[in-house]
Amino acid sequence: MLSIELKKREDGTFLEESQELADLNQKIMYLYVFTGVSAVITLIYMCLIFCNCTALKKAIDVIDAASDFLAKTPWIVLTPLLFFVLQIIAVKLWLVSYFFVVSMNKIEPHSTIPQMKTFEWEPEVKWMAIYMFFGILWVTAWLEYMCKFIIMVSSTTYYFNSNGAEGEEGSAEVGTGYKFAILHTGSLAIAAFIIAIVRLIRTIFYYIARKAEESSGDNFAVKAIVRCAECVLWCIEKICDYINSSALAYQAVTGDDFCESAWKMLLLQIKYVGTFTFANFFAKVFVFMGKVSITGANLYSCYALMKAFGNLDEGSANSVSSTLPIFLIVGAVTYLAASVFLSILETAVLSMLTSHAIDLDINNGEPKYGPPTFYNKIANKKDDDEKVTNDLE
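Thresholds, definitions, all that
- Residues numbered from 1 in each chain as written.
- Predicted model: local features only at pLDDT ≥ 70, side-chain atom pairs only at ≥ 80, totals over all residues.
- Heavy atoms only, no water.
- Helix = DSSP H or I, 4+ residues; strand = E, 2+ residues; numbered from the N terminus.
- Buried < 20%, exposed > 50% of the residue type's maximum accessible area, 1.4 Å probe, protein only.
- 1 Å grid on protein atoms, 1.4 Å probe; cavity = no way out; pocket = protein on both sides within 12 Å on 5 of 7 lines; lining within 4 Å.
- Points joined across faces, edges and corners; volume = space filled by probe spheres on them.
- Nonpolar A, V, L, I, M, F, W, Y, C, P; charged D, E, K, R; others polar.
- Axes fitted to C-alpha atoms, helices over the stretch in contact; angles between N-to-C directions.
- Parallel < 35°, antiparallel > 145°, perpendicular 65-115°, else oblique.
- Left-handed = near helix turned anticlockwise from the far one by under 90°.
- Contact = heavy atoms within 4.5 Å.
- Phe/Tyr/Trp six-rings, centres within 6.5 Å; stacked < 30°, edge-to-face > 60°.
- Core = buried A, V, L, I, M, F, W, Y, C linked by side-chain atoms within 4.5 Å.
- pLDDT = per-residue confidence, 0-100.
- Expected span 1.5 Å × (residues − 1).
- Polar contact = N/O pair within 3.5 Å; in protein donor to acceptor, adjacent residues only side chain to side chain.

Before going further, it helps to examine the overall build of the chain. Scanning the chain from terminus to terminus reveals 11 helices and 4 strands. Classification of the 393 residues of the chain by burial places 33% in the buried group.

The structure is reproduced here in structure tokens:
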């Protein structure tokens, strides 16, 4: 236990600095609580790993197979880049159209600053602007899901074109992914429509919440309610996005319609809940570590270049007065670019896992397709079992 030494008065009694002592005791209490909660979470996580050891091994195999797919199809990285550019073009065209809609309002010179203008929203124009805002949310979400669906179909063809039992690795047909994306445009539009509605609700709530906070002043209760509501809406958006992605992953294999694929995928994930949970969790961890590593490396290279060119020396002619904005911009752009490209692994893991689960279902628990990654582990396990049996005999 931590001990606190108290100062003595001249008469020999202890001098208690009440405020500082109370603050220190509170920090110690928080430290104990944090340590206890961390220990409980760690214990629960270790129990989950121990109880789902088989699912964990299969999840690692799925991630390994998804990595093999990316190594086999390096040009798939151009797909997120293409759709990212398309999203930028769509947003730029939307901005031009949006400014035309805003110009339909009554615009007047500012009362004190003639160079500035003021305008009041007309009711009809306001609804047009909201409709346009929902439209860009829908279009960007549709492009996002189309990119995901192309990657899913490509990884699915890689899985079912492989015959790992005989050591044959199949090829991924990226062109087939683009063809399927065109054929299933309606399903992609439905998924995009659902997530666009959720994002629109979040945006409207955020606007109303800011107005409520401004009118309430510094009311802690209002701020707490707003933060809790924002967290709930964020969770709803993530849940809807995962359901949409899972339905599209199942649809990439079977070709069923969107609603039927969502229902069947739910049943499939319930059956293989451990494998899906661990695979998705570790994929997200690897993707996040990749984002942080790439961003950190790029920031360090930016620092090294600025130091080499004398931008960090105060007496140099190339000295930069403030480096914080530069590092913030470089870090933000790097993290965004890394997110665009590393999202391929997360999508490929979900698609590969769905393909493997369907393969197990249609072949009575014995996979028939898939890359050699799965079968190498199975073969090694059988060899180890035979070796142990022979040693016992």
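On we go.
Moving on: the layout of surface pockets. In this structure, the largest pocket occupies an estimated 1,100 Å³ of space. Around the largest pocket, the lining comprises 30 residues; the ones closest to its centre are E144, K148, D241, S343 and E346. For the lining of the largest pocket, the secondary-structure elements that each account for two or more residues are α3 (78-102), α4 (123-160), α7 (220-254), α9 (273-308) and α10 (324-362). No other element matches the 8 residues that α10 contributes to the lining of the largest pocket. Of the residues contributing to the lining of the largest pocket, the split by class is 15 nonpolar, 6 polar and 9 charged.

The next thing to look at is the packing of α4 against α10. The geometry of α4 relative to α10 is characterised by a closest axis approach of 9 Å and an angle of 45° between their N-to-C directions. By the angle between their directions, the pair α4 and α10 is classed as oblique. Relative to α10, the crossing made by α4 is right-handed. Taking contact as the criterion, the partners of K148, I151, M152, S155, T156, Y158, Y159 and F160 in α4 are, on α10, I344, T347, A348, L350, S351, M352, S355, H356 and D359. Considering only residue class, the contact of α4 with α10 consists of 9 nonpolar, 6 polar and 2 charged.

Next up on the list: the packing of aromatic side chains. A full pass over the atoms with the stated rule returns 7 aromatic pairs. For the ring pair Y159 and F160, a centre distance of 5.0 Å and an interplane angle of 75° mean the geometry is edge-to-face. For F160, a relative accessible area of 23% corresponds to the partly exposed category. By the ring-pair criterion, three or more aromatic residues cluster together here, those being F134, W138 and F193.

Going through the model one piece at a time under the given rule, you end up with 1 cavity of 30 Å³ or more. Around the largest cavity, the lining residues are K58, Y272, T275, L353, H356, A357 and L360. Ranked by residues supplied to the lining of the largest cavity, first place goes to α10 with 4 residues. Residues belonging to the lining of the largest cavity are distributed by class as follows: 4 nonpolar, 2 polar and 1 charged.

This part is about the nonpolar core. With 54 residues, the main nonpolar core has F69 and V349 as its most contacted residues. Elements with a contribution of two residues or more to this core: α2 (53-72), α4, α5 (174-183), α6 (185-216), α7, α8 (258-271), α9 and α10. Residue contributions to this core peak at 12 residues, all from α4. Setting aside chain neighbours within four positions, we find V349 in contact with V62, I63, A66, A279 and A283. Counting residues in each nonpolar core, the second largest holds 6 residues, with A90, W94, M132 and I136 among its members.

Quick look at the confidence of the model for the chain now. Averaged over all residues, the pLDDT of the chain is 80; the fraction at 70 or higher stands at 85%. Low pLDDT, under 50, characterises residues 1-9; the predicted model gives this stretch 20 contacts beyond four residues in sequence or across chains. Contacts of residues 378-392 to residues separated by more than four positions or lying in other chains number 0 contacts, the stretch itself having pLDDT below 50.

The next point concerns the environment of P109. Note that P109 resides in strand β3 (residues 106-109). Given the relative accessible area of 53%, P109 is considered exposed. Sequence-wise, P109 and F119 are 10 residues apart; in three dimensions their C-alpha atoms are separated by 8.6 Å. Ignoring anything within four residues of it in the chain, the contact list for P109 reads M116, K117 and T118.

The subject of this paragraph is α6. A rise of 1.5 Å per residue sets the reference length of α6, with its 32 residues, at 46 Å; its end C-alpha atoms lie 46 Å apart and thus fit the reference within 8%. Restricting attention to buried positions, one finds in α6 the residues S187, L188, A191, A192, I195, A196, V198, R199, L200, A209 and E213. Contact partners of the buried residues in α6: α4, α5, α7 and α8. Looking one or two places after α6, you find G217, whose phi comes out positive at around 75°.

Residue position: S155 is located in helix α4. A polar side-chain atom of S155 sits 2.9 Å from the main-chain carbonyl oxygen of M152. When residues no more than four places from it in sequence are discounted, the contact partners of S155 are F69, A348, S351 and M352.

Over its 14 residues, α8 extends 20 Å from the first C-alpha to the last, a length consistent with the 20 Å expected when each residue adds 1.5 Å. Buried residues belonging to α8 abut α6, α7, α9 and α10. Backbone nitrogen of C259 and a side-chain oxygen of the N-cap are separated by 3.4 Å at the start of α8; the cap is D257.

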